[in-house]
Amino acid sequence: MDSVVSDAAAYGVSPLLDDEEQPRAWQLDRTRAPVATKIVVAGGFGAGKTTMVGAVSEIQPLQTEALMTEASEDTDDLTGTPEKTTTTVAMDYGRLTLDDDLVLYLFGTPGQQRFWFMWDDLVRGAIGAVVLADTRRLKDCFPALDYFESCGLPYVVAVNHFVGSERFDPEDVREALTIPAHIPVMIMDARRRISAIETLLALVAHALDVTPE
């Protein structure tokens, strides 16, 4: 799609909308409606899915964060994330307009095993997925990798480095997770909008490459 809309105008992307800004052309003229593209953001518990969706969304993101309680102590491993006090219990949702002809709808999955039954519904209709990997707990992203491999959905792996975590090169992560050579592996910061957008652009380009004409 024109090199993914010229890399979203060199990451400038379309300007954010608020109540005082003028609507875009496609919002006034439905004959110019853009391509609506669904993307899933997955990964282990506490890998940064909610943060990523919130960082890039041009609308107030829908978040289903719930306060963690003692009842989850035996099921939610806080090793490596002792400061985490909330968790996603349904999904995250956000929207990013790359240009007048491409709008991304982002759905963040819950990371804990007890919520995996929701994944089939969240993934339905998606063109691809971003699998977030935390180098402190790389094994936590194996379920997501296995899931997308089994269902044939295109995906990229984004290593989200946290403060104090050990730094690794993409190829080191690829080897540790036995990720196939054709799957993009990126280093990113889920808190930074530009970094997250670069990852989404890489996914869209990868999905276009592997989708039959």
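Residues numbered from 1 in each chain as written. Predicted model: local features only at pLDDT ≥ 70, side-chain atom pairs only at ≥ 80, totals over all residues. Heavy atoms only, no water.

**Observations concerning the overall build of the protein chain**
And step 1. Within the protein chain one finds seven helices and eight strands.
And step 2. Of the contacts made within the protein chain by residues no fewer than 6 positions apart, 73% connect residues no fewer than 24 positions apart.
And step 3. Carbon together with sulfur atoms contributes 53% to the accessible area of the protein chain, which is approximately 10,800 Å² in total. (Helix = DSSP H or I, 4+ residues; strand = E, 2+ residues; numbered from the N terminus. Contact = heavy atoms within 4.5 Å. Areas by Shrake-Rupley, 256 points an atom, 1.4 Å probe, with all protein chains shown as cover.)

**Let's talk about unusual backbone geometry**
It is generally the case that most residues other than glycine have a negative phi and that most peptide bonds are trans.
And step 1. One non-glycine residue, Thr178, lies in positive phi territory at about 50°.
And step 2. The class for Thr178 is exposed, based on a relative accessible area of 66%. (Buried < 20%, exposed > 50% of the residue type's maximum accessible area, 1.4 Å probe, protein only.)

**Considering the nonpolar core**
And step 1. Core analysis: the biggest nonpolar cluster contains 23 residues, and Met52, Leu104, Val130, Leu132 and Leu200 have the highest contact counts within it.
And step 2. Looking at this core, the elements that each hand over two or more residues are strand S1 (35-43), helix H3 (49-56), strand S4 (92-99), strand S5 (102-108), strand S6 (128-133), strand S7 (155-160) and helix H7 (193-210).
And step 3. It is H7 that provides the largest number of residues to this core, a total of six residues.
And step 4. Excluding anything up to four places from it in sequence, Val130 contacts Val40, Val41, Ala42, Met52, Val156, Ala158, Thr199, Leu200 and Leu203.
And step 5. Residues Ala42, Cys141, Val173 and Leu177 belong to the second largest nonpolar core, which totals 22 residues. (Core = buried A, V, L, I, M, F, W, Y, C linked by side-chain atoms within 4.5 Å.)

**Description of the pairing of strand S8 (residues 185-188)**
And step 1. Relative to S8, S7 runs parallel, the two being bridged by four bridges. Within the sheet, the bridge partner assigned to Asn160 lies in S8 and is Met188.
And step 2. In the classification by handedness, the crossover that spans S7, the intervening helix H6 (residues 170-177) and the parallel S8 is right-handed. (Pairing = 2+ DSSP bridges. Right-handed = clockwise from strand over helix to strand, strands pointing away.)

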